[in-house]
Amino acid sequence: MENRREEIKGIRRIVIKVGTSTIAHPSGLINLYRMEHLARMLSDLKNRGYEVVLVSSGAIGVGAQRMHLSERPRDIEGKQAAAAVGQVVLMNMYQKFFQEYNYQVGQVLVTKQVETDKVMNYHARNTMNELLKNKIVPVVNENDTISTDEIIFGDNDTLSAVVAALVDADLLILLSDIDGLYSDDPRINPLAKLIDRVDVIDESIEAIAKDSSTKLGTGGMITKIRAAKYATERGIHVVLANGSRNETIEEILGGKVLGTLFLGGKKK
């Protein structure tokens with residue numbers, strides 16, 4: 001009999017983070033097939049009673065392509081300009097696809113201050129809860145157009161963990177271009193094994209983390225481990241899995257042992 005993850009039962013509120021590699025082609029152009037299926041999948045989850053928050057990467061990469069740049073900008077001004085263009089493109093596409101399934105999206109742009117500023121935290125929490133109450137899908141990203149070194153998250157793995165805590169989520173799903181946490185870098189060590197469950201994120205787990213080689217994205221394995229630690233310390237389960245398959249989210253919520261489950265502690 002196939003093993004199932006009993007911890008996933010009873011999940012109601014989910015934050016799903018999609019990386020750039022999940023919704024865009026290597027060229028930076030939007031992967032329309034994947035984006036449309038994501039909207040359909042999340043809409044169906046809402047039809048089944050789940051509450052869903054989407055944290056979406058991709059604005060800078062998509063914006064750079066629309067600006068006809070040869071590569072992702074490296075300077076802060078270039079990144080902010082590309083984000084301003086790309087964010088519009090992404091939201092237009094999300095709105096188009098979700099509307100086909102009778103759901104609306106709401107854009108929520110935040111900076112790292114949302115984590116520490118009590119007033120900003122309060123209003124961001126209330127806004128997202130109000131959107132969820134009204135059956136709207138919050139689409140969250142960092143406000144790259146105004147972020148400076150002092151107020152940036154720097155990666156959407158961390159952002160998604162903070163959002164999961166803000167909305168008191170039951171589960172955070174990190175979709176990336178990797179299958180989960182391995183005992184070593186599988187690109188270098190063919191004997192590396194996928195770790196399907198982590199009960200506690202300690203120094204030994206953090207030591208495994210290596211940087212990602214994905215050209216479009218910014219977050220490596222270390223950012224995913226830190227995000228998982230942030231969320232699990234607040235009682236939120238985290239699943240890290242490969243987002244290249246359309247069935248991934250459905251299988252995770254069905255309890256299939258897929259990717260790596262980081263077990264959340266008791267809710268504080």
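Please refer to the structure placed before this passage.
Engineer: Would you mind going over a nonpolar patch on the surface with me for this structure?
Structural biologist: A cluster of nonpolar side chains, Met67, Leu69 and Val85, forms an exposed patch at the surface whose accessible area comes to about 210 Å². The exposure class assigned to valine 85 is partly exposed, which follows from its relative accessible area of 32%.

Engineer: When you look at unusual backbone geometry in this model, what are you seeing that I'm missing?
Structural biologist: Both trends apply: most residues other than glycine have a negative phi, and most peptide bonds are in trans. For histidine 68, which is not glycine, the phi dihedral falls at a positive 60°. Note that histidine 68 resides in the loop between helix H3 (59–66) and helix H4 (76–99). Judged by its relative accessible area of 72%, histidine 68 is exposed. One non-glycine residue, aspartate 168, lies in positive phi territory at about 55°. The topology assignment puts aspartate 168 in the loop between helix H7 (156–166) and strand S5 (171–176).

Engineer: Whenever I open this one, the packing of H7 against helix H9 (residues 221–232) confuses me. Can you help?
Structural biologist: The description of two helices packed together rests on the angle between their axes and the distance between the axes. Contact geometry of H7 with H9 gives a least axis separation of 8 Å together with a crossing angle of 10°. For the element pair H7 / H9, the angle class is roughly parallel. For the pair H7 and H9, contact is made by Asp157, Thr158, Ala161, Val162 and Ala165 and by Thr223, Lys224, Ala227, Tyr230 and Ala231, respectively. Per-class residue counts for the contact of H7 with H9 are six nonpolar, two polar and two charged.

Engineer: Would you mind going over empty space enclosed by the protein with me for this structure?
Structural biologist: Over the atoms, a rolled probe matching the size of one water molecule traces out where space is still vacant. One pass over the full model with this rule turns up one cavity of 30 Å³ or more. One number sums up the size of the largest cavity: a volume of about 110 Å³. Looking at the largest cavity, it is lined by 14 residues, and the ones nearest its centre are Arg34, Leu38, Arg245, Asn246 and Ile249. Looking at the lining of the largest cavity, the elements that each hand over two or more residues are helix H1 (20–23), helix H2 (32–47) and helix H10 (248–253). The element that contributes the greatest number of residues to the lining of the largest cavity is H2, accounting for five residues. Class assignment of the residues belonging to the lining of the largest cavity gives a composition of seven nonpolar, five polar and two charged.

Engineer: Help me out: how do you make sense of the side chain of asparagine 143 in this one?
Structural biologist: Among the structural elements, asparagine 143 can be located in the loop between strand S4 (137–142) and H7. Under the relative-accessibility criterion, asparagine 143 is labelled buried at 14%. Asparagine 143 has contacts with Leu109, Val110 and Thr111, leaving out every residue within four places of it along the chain.

What counts, and at which threshold
- Residues numbered from 1 in each chain as written.
- Predicted model: local features only at pLDDT ≥ 70, side-chain atom pairs only at ≥ 80, totals over all residues.
- Heavy atoms only, no water.
- Patch = residues over 30% accessible without salt bridge, like charges linked within 9 Å, V, L, I, M, F, W, Y side chains within 5 Å.
- Areas by Shrake-Rupley, 256 points an atom, 1.4 Å probe, with all protein chains shown as cover.
- Salt bridge = Lys/Arg side-chain N within 4 Å of Asp/Glu carboxyl O.
- Buried < 20%, exposed > 50% of the residue type's maximum accessible area, 1.4 Å probe, protein only.
- Helix = DSSP H or I, 4+ residues; strand = E, 2+ residues; numbered from the N terminus.
- Axes fitted to C-alpha atoms, helices over the stretch in contact; angles between N-to-C directions.
- Parallel < 35°, antiparallel > 145°, perpendicular 65-115°, else oblique.
- Contact = heavy atoms within 4.5 Å.
- Nonpolar A, V, L, I, M, F, W, Y, C, P; charged D, E, K, R; others polar.
- 1 Å grid on protein atoms, 1.4 Å probe; cavity = no way out; pocket = protein on both sides within 12 Å on 5 of 7 lines; lining within 4 Å.
- Points joined across faces, edges and corners; volume = space filled by probe spheres on them.

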